[in-house]
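Structural characterization, general
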Amino acid sequence: MTPDTAALERVIFSGMDHQGEFRRAALELGIPDDEVSRFSQHLRLSIELSGAGGGSPVGQFGGLPRLPVGMKWPSAGDSPLPMLFSVDCGALPRVDGFDLPEDGTLLFFVDQEMDHEDGSGRYARVVYVPDGTETAVAEAPGSVCVRERFDVGAELGARLPLWLQEGDEDWHEYWEDFDWEDMSPFQQQLVRYMERDLPHLDELRDLAHDLWPSGASVFIGGYADDEVINSIAEQTLAGREKAGEIPAIPIEKWYSHLEKEKHRLTSEWISLAGESPVYEEYYTSFVIRHDDLAAVRVDKALPVTNFEAP
C-alpha cells in the first residue's frame, strides 16, 4: 500500500461508470484486479476544454462575461482583470469526487503578467454565478484587454500525479539512475511501491490515456500543478516548524520531508482549472481545497501564473 494511502482520495470517475470501464479493459489485458484497484486510487479524470467543433459548447474563451446585474467588473484596485474563460457547470461532464456546482457559471479572470510578478493572488479572481441570477453582458472597462471569443467543448482526460507520469519527467526511470543509498527514505518507499505493487504500471498508464486522452490547453480538475503544491508544502512545513508543531527539520532532511508533505497535500488540494504551458507565454493554474470547492467557496481558489521561458 502506498504511503499515506488512507489519506488519498479514491479514484474520481463520472456517473457513467468510467471506473467499471477502466477495470474491465484492464482485466482483459490480464492485469490482476487488486493491482487495478491500487492504480485507480491515483487516477483522476479532468474535464478537457477545447474548440467546440461539432459538439455542444460548454463555455467560452475570451469575450465579454455575463455578470450579475449591478456587479462591477472584477478588478485589482483600479486595474480591471481580463476574463480568461467561463464555463456552464450544468453542461460539463460530471466527475464523481470533483464537487463542481451542478449548475451556474464559473468565470475566471486574471491579469497574467501582473499575477506572475506580484504573486499575492490579487490579480486573479474566480466568480460563481448561480442559475436564476439576473445577468447581463458586462461592458468592458476601457483599459481591460478583451481576448477574441470562441466557444469551447469538453471531453474527459486521464490525469496522474507527477511521480506516476510518463515521459521526460518519469520519476521511476529518473530514480533508476540513482544509487539506492542516495535516495531519501520517502523516495525509496515510493520506488518499492511502484516495483512491488504496480508491476504493470506502463500498461495501466497507457490504458488510461488511451481511454481518456489528455493534453488540452485548458482543463478543469485533475492534479494541482506541482510548483503550486511545492509552494504550499514549503509554507506548511515552515509554519508547523515555527509554531512548534513539529521538531526543527535538519537541512539535509528537508527535501525528503517536503516530498512527503507534497504527497499528502495531493489529497487535500485539486486543480480547479489550469492552462498547459505554452512556449514563451504565461499560463495560470487555479487550485482549491476539496472542502472549499464542495462549499462553492471559489473565492478561496489560489491562482499562480508562471511563464514558459525558452
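Refer to the structure printed above.
The sections below set out a description of the structure shown in this document. Since the structure is predicted, the reported quantities are computational estimates derived from the model, not experimental observations.

Our focus in this paragraph is the packing of aromatic side chains. The final tally for this structure, using the stated rule, is nine aromatic pairs. Plain terms: the ring middles of phenylalanine 61 and phenylalanine 85 are 5.9 Å apart, the flat faces sit at 70° to each other, and that makes the pair edge-to-face. Residue phenylalanine 61 is found in strand S2 (residues 59-61), and its partner phenylalanine 85 is found in strand S6 (residues 83-88); the two are separated by 24 residues along the sequence. With respect to burial, phenylalanine 61 and phenylalanine 85 carry one shared label: buried. The interplanar angle of 75° and the centroid separation of 6.1 Å between the aromatic rings of tryptophan 73 and phenylalanine 109 together place this pair among those described as edge-to-face. Here the residue tryptophan 73 occupies a position in the loop between strand S3 (66-68) and strand S4 (75-76), and phenylalanine 109 occupies one in strand S7 (residues 105-110), the gap between them amounting to 36 residues. Accessibility expressed as a relative area gives 0% for phenylalanine 109, which makes it buried. Put simply, the rings of Phe61, Phe85, Phe108, Phe150 and Phe286 pair up and form one aromatic cluster.

Orientation of helix H1 (residues 18-28) relative to helix H2 (residues 33-40), taken along the N-to-C sense of each, is 135°, at an axis distance of 10 Å. Here H1 is positioned oblique relative to H2, judged by the angle of their axes. Pair H1 / H2 crosses with right-handed handedness. In this structure, H1 contributes Phe22, Arg23, Ala26 and Leu27 to the contact, and H2 contributes Asp33, Val36, Ser37, Phe39 and Ser40.

Our next topic: a nonpolar patch on the surface. A surface patch of nonpolar side chains, about 220 Å² in accessible area, is lined by Leu64, Val137 and Val146. When you line up the elements, leucine 64 lands in the loop between S2 and S3.

Pairing between side chains of opposite charge can happen when their charged atoms approach one another. In total, this model carries 14 salt bridges according to the counting rule given. A salt bridge links arginine 149 to aspartate 151; the shortest N-O distance between them is 3.0 Å. In this structure arginine 149 comes out as partly exposed when scored by relative accessible area, which is 48%. Residue class for aspartate 151 comes out partly exposed when judged on its relative accessible area of 34%. Put simply, arginine 196 and aspartate 197 hold a salt bridge, and the shortest N to O gap is 3.2 Å. What you see here is one network of salt bridges that share partners, running through Arg240, Glu245, Glu261, Arg264, Glu268 and Arg289.

What counts and what doesn't
- Residues numbered from 1 in each chain as written.
- Predicted model: local features only at pLDDT ≥ 70, side-chain atom pairs only at ≥ 80, totals over all residues.
- Heavy atoms only, no water.
- Phe/Tyr/Trp six-rings, centres within 6.5 Å; stacked < 30°, edge-to-face > 60°.
- Helix = DSSP H or I, 4+ residues; strand = E, 2+ residues; numbered from the N terminus.
- Buried < 20%, exposed > 50% of the residue type's maximum accessible area, 1.4 Å probe, protein only.
- Axes fitted to C-alpha atoms, helices over the stretch in contact; angles between N-to-C directions.
- Parallel < 35°, antiparallel > 145°, perpendicular 65-115°, else oblique.
- Left-handed = near helix turned anticlockwise from the far one by under 90°.
- Contact = heavy atoms within 4.5 Å.
- Patch = residues over 30% accessible without salt bridge, like charges linked within 9 Å, V, L, I, M, F, W, Y side chains within 5 Å.
- Areas by Shrake-Rupley, 256 points an atom, 1.4 Å probe, with all protein chains shown as cover.
- Salt bridge = Lys/Arg side-chain N within 4 Å of Asp/Glu carboxyl O.

Coordinates in, geometry out; function isn't part of it.
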